[in-house]
Each structure stands twice: as structure tokens, then as C-alpha cells.
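Given next are the chains, with one letter for each unit.
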Amino acid sequence: MSDVLSERPTDGVHAPKRTPAAVHPRPRRRGLPRWNYAAGLGSLIWLGIVGLPLYVLVAATFQSRDGYIDDGPLALPDRPTFANYRRVLDSGFPQYLLNTALVTAVCAALVIVLSVTVGYSVVRTRSRASRRIFQIFLLGLAIPSQAVIIPIYLVITKLQLYDTLLAVILPTAAFSLPVSVLILVGTMRDIDEELYESMALDGASPTRVLLQLVVPLSRSGISTVGVMSALHAWNGFLFPLILTQSKSNRLLTLGLYDYVGEFRVDTPALLTAVVLSILPIFLVYLFARRQLINGLMGMGGK
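I will try to describe carefully the structure that is included in this document. (Residues numbered from 1 in each chain as written. Predicted model: local features only at pLDDT ≥ 70, side-chain atom pairs only at ≥ 80, totals over all residues. Heavy atoms only, no water.)

Here we look at the overall build of the protein chain
Broken down by element type, the protein chain carries 15 helices and zero strands. Classification of the 302 residues of the protein chain by burial places 34% in the buried group. When contacts within the protein chain are restricted to residue pairs at least 6 apart in sequence, those whose partners lie at least 24 apart make up 75%. About 19900 Å² of surface is accessible on the protein chain, with carbon and sulfur atoms providing 64% of the total. (Helix = DSSP H or I, 4+ residues; strand = E, 2+ residues; numbered from the N terminus. Buried < 20%, exposed > 50% of the residue type's maximum accessible area, 1.4 Å probe, protein only. Contact = heavy atoms within 4.5 Å. Areas by Shrake-Rupley, 256 points an atom, 1.4 Å probe, with all protein chains shown as cover.)

What about unusual backbone geometry?
Residue Q160 is not a glycine yet carries a positive backbone phi of 60°. Tracing the backbone shows Q160 in the loop between α8 (149–158) and α9 (165–189). In this structure, D163 is a non-glycine residue whose phi angle is positive, near 65°. As for its placement among the helices and strands, D163 is situated in the loop between α8 and α9.

A closer look at the packing of helix α6 (residues 93–124) against helix α12 (residues 219–234)
It is at 8 Å that the axes of α6 and α12 come closest, and there the two elements cross at 145°. As for the relative orientation of α6 and α12, their crossing is right-handed in sense. Across the interface between the two elements, L97, T100, A101, V103, T104, C107, A108, V111, I112, S115 and V116 of α6 pack against I222, V225, G226, S229, A230, A233 and W234 of α12. Classifying every residue of the contact of α6 with α12 gives 13 nonpolar, five polar and no charged. (Axes fitted to C-alpha atoms, helices over the stretch in contact; angles between N-to-C directions. Left-handed = near helix turned anticlockwise from the far one by under 90°. Nonpolar A, V, L, I, M, F, W, Y, C, P; charged D, E, K, R; others polar.)

Examining the environment of V116
Among the structural elements, V116 can be located in helix α6. Setting aside anything within four residues of it in sequence, one finds V116 in contact with L184, M188, L210, V215 and I222.

Notes on the packing of aromatic side chains
Evaluation of the coordinates by the stated rule reveals six aromatic pairs. Residues F82 and Y85 carry aromatic rings whose centres are separated by 6.3 Å and whose planes lie at 50° to one another, so their mutual orientation is tilted. Measuring from centroid to centroid gives 6.4 Å for F237 and Y257, while their planes differ by 35°, and the two rings are tilted. Pair noted here: F237 is in the loop between α12 and α13 (238–243) and Y257 is in the loop between α14 (252–255) and α15 (267–297), with a separation of 20 residues, a long-range link. Given the relative accessible area of 32%, F237 is considered partly exposed. Among the aromatic residues, ring-to-ring pairing joins F62, F82 and Y85 into one connected group. (Phe/Tyr/Trp six-rings, centres within 6.5 Å; stacked < 30°, edge-to-face > 60°.)

Description of the side chain of T224
The residue T224 is located in helix α12 in this model. Within the local environment of T224, its side chain forms a polar contact with the backbone oxygen of S220, the two atoms lying 2.9 Å apart. (Polar contact = N/O pair within 3.5 Å; in protein donor to acceptor, adjacent residues only side chain to side chain.)

Considering the nonpolar core
Residues Y120, M188, Y196, V209 and V214 are the most contacted members of the largest nonpolar core, which totals 24 residues. Breaking this core down by element, the ones donating at least two residues are α6, α9, α10 (193–201), α11 (206–217) and α12. Broken down by element, the residue count for this core peaks at seven residues, all from α9. A60, Y68, A230 and V275 belong to the second largest nonpolar core, which has 18 residues in total. (Core = buried A, V, L, I, M, F, W, Y, C linked by side-chain atoms within 4.5 Å.)

Structural notes on a nonpolar patch on the surface
Taken together, the side chains of L41, I45, W46, I49, V50 and L54 define a hydrophobic patch exposed on the protein surface, amounting to about 620 Å² of accessible area. Along the chain, L41 falls in helix α3 (residues 37–60). (Patch = residues over 30% accessible without salt bridge, like charges linked within 9 Å, V, L, I, M, F, W, Y side chains within 5 Å. Salt bridge = Lys/Arg side-chain N within 4 Å of Asp/Glu carboxyl O.)

Some points on the pattern of salt bridges
Tallying each qualifying case throughout the model produces three salt bridges. With a closest N to O distance of 2.0 Å, D266 and R87 form a salt bridge. With a gap of 179 residues between them, D266 in the loop between α14 and α15 and R87 in helix α5 (residues 83–90) connect regions that are remote in the sequence. The closest approach of N and O atoms between R250 and D258, which form a salt bridge, is 3.0 Å.

Some points on α5
Within the sequence span of α5, burial applies to N84, Y85 and V88. Considered in projection along α5, the buried side chains sweep an arc of 100° and stay on one side of the axis. Of the exposed residues in α5, those oriented more than 90 degrees away from the buried face are R86 and D90. (Arc of directions from axis to C-beta.)

A few points about a negative patch on the surface
A cluster of acidic residues, D66, D70, D71 and D78, forms a negative patch at the surface. Residue position: D66 is located in helix α4 (residues 65–71). D66 sits in the exposed class, given a relative accessible area of 52%. (Lys, Arg positive; Asp, Glu negative; His and termini not counted. Charge placed at Lys NZ, Arg CZ, Asp CG, Glu CD.)

Here it is in C-alpha cells:
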């Protein structure tokens, strides 16, 4: 009996009960990754859906017109040739590319400057007029360009801008502004209020706050707006079709008609022009895709 009592703790604290698991803990086994056959099959199907048109697009550029008609679009080119690329580059394609690049750059610059200033005024101005302006910009999301193409044509004609690149730039930038303002307003609202107050205490003017605080913290949203407006301008078709006429002011989307005749279509040359027109904007998207995705996921977030 005395031996049992002597084994009890003398400090009044009961000793924890020891379990076999605590004495000899079992090592955790890392489970082997299980193959998700359904996801793998779906990925292969999606790869085929995306890869087949790309293969047809690229393979046709290395075929002659007769070989494309005889062998079909899925056949590998027996005798690869660069004649289609030489023909496209020797035609008016470089001028179309230059016009499109100019329209895209000016549209993106206009949209960035205007959307940044409008978004900053909406976020920092606590007035009813500011809210009304923001609502008017959001209303532009519900108006398709096809519904107002006739009024736009009349306005451009009255301003004597018809058949100029400026006639394409102005409406293209205007229809890119609503979603751009929406993204940048969400970006600027995520900036901490304390940062605005600290710069106000330092005596910073609104212009200094915009340039030194808002613009650096809104780079993701600004990149998103720039890429989206550039894509919209590069792929634009309706405004160049209606508001331009001469070949010197033609853009890439209209330049593809040069390879479509009244009774035949030169498919290899047409697809070559498509490939060359895709490459520049694809490179822009390739380098800015991360900012674009981050801006869209967080409506611009920091």
C-alpha cells in the first residue's frame, strides 16, 4: 500500500494519462496521388478542340492554293513553302498593320488617361453629381455599338472626320470607357483611406495624390484596362467598316478582304494574313496576362 502511495505525484497535480499512441506515435503515411482519369480525358478533349483549329490555321500557311484544295485542310504540307508569307508582306498588309497599331496605341492611351481621372474623381468626390456620372458610365455597358452606329456616322460626318483614323479611334475609345471606369473604381476603392489622409496632412494636392499614390497602387487595374482596350481596338470591325473607305486608312480586319475574290477565296494567303495579324496582339497578351487576370479577378485589386 505504501509503495502505491509513494508512486503518486506529491505536488498535487495529477500526471497525464499515457496512451500507447503518445508513447510510440505512428508515422504518417503520405498517400500516393490518385490519377483523375476523368479530368485527364477532359483535358485531352479540350486540347483537341483548341489544338485542331490552330493546326489547320498554321499548316495552311505553308501550302499552295492548289495543294490546299487537293489535300484538304487536315493534311500536312508535302512541300512547305513561304510563298504565302511573301505575298502577304508584299501587298498592303504592312500599311494595314501600321494603321491598326496606331489606332490601338492611341485608343489604349486615351482610355487609360480618361478612366484613371474619372475613376479617381468618382472615388474621392463625395457628391451626388459624382455618383450620377458613375451611373452614366455604367449605363454605357448596356448600349451595343450596333444600336448607335447611324448616329455615330452622322456625328463623324458633321465633324468632317469621315475616312480618317481619328474617326475609328474616338468611338472605339468611347465604348471601352464604361468597363474601364468600373475596373478602376474598384481598384481605387481598395486603397486604404489612411494613405489618402496621410498625404492630405502632408499638404499634397489632388494631382500629386493621383500621380504618387493612386497610379502606383493601381498598376494592376491600369494594366487590365490597357490590355482590354487594346484588344478591343485591334479586333474592331464595325467602326472601320462604316467610318473608313480608302485603302490607305484600312485596318487589318478589313484588309483580309483583299484575299477574297468574287468567285474564289485564296484560303492559304487569307490564313497567313490572319496568323500575321494575331502575332502582335498575342505577344502583348502573353506578357500582360498576369496583370489582366489579377485585375479581372479582383476588379482591379492591388
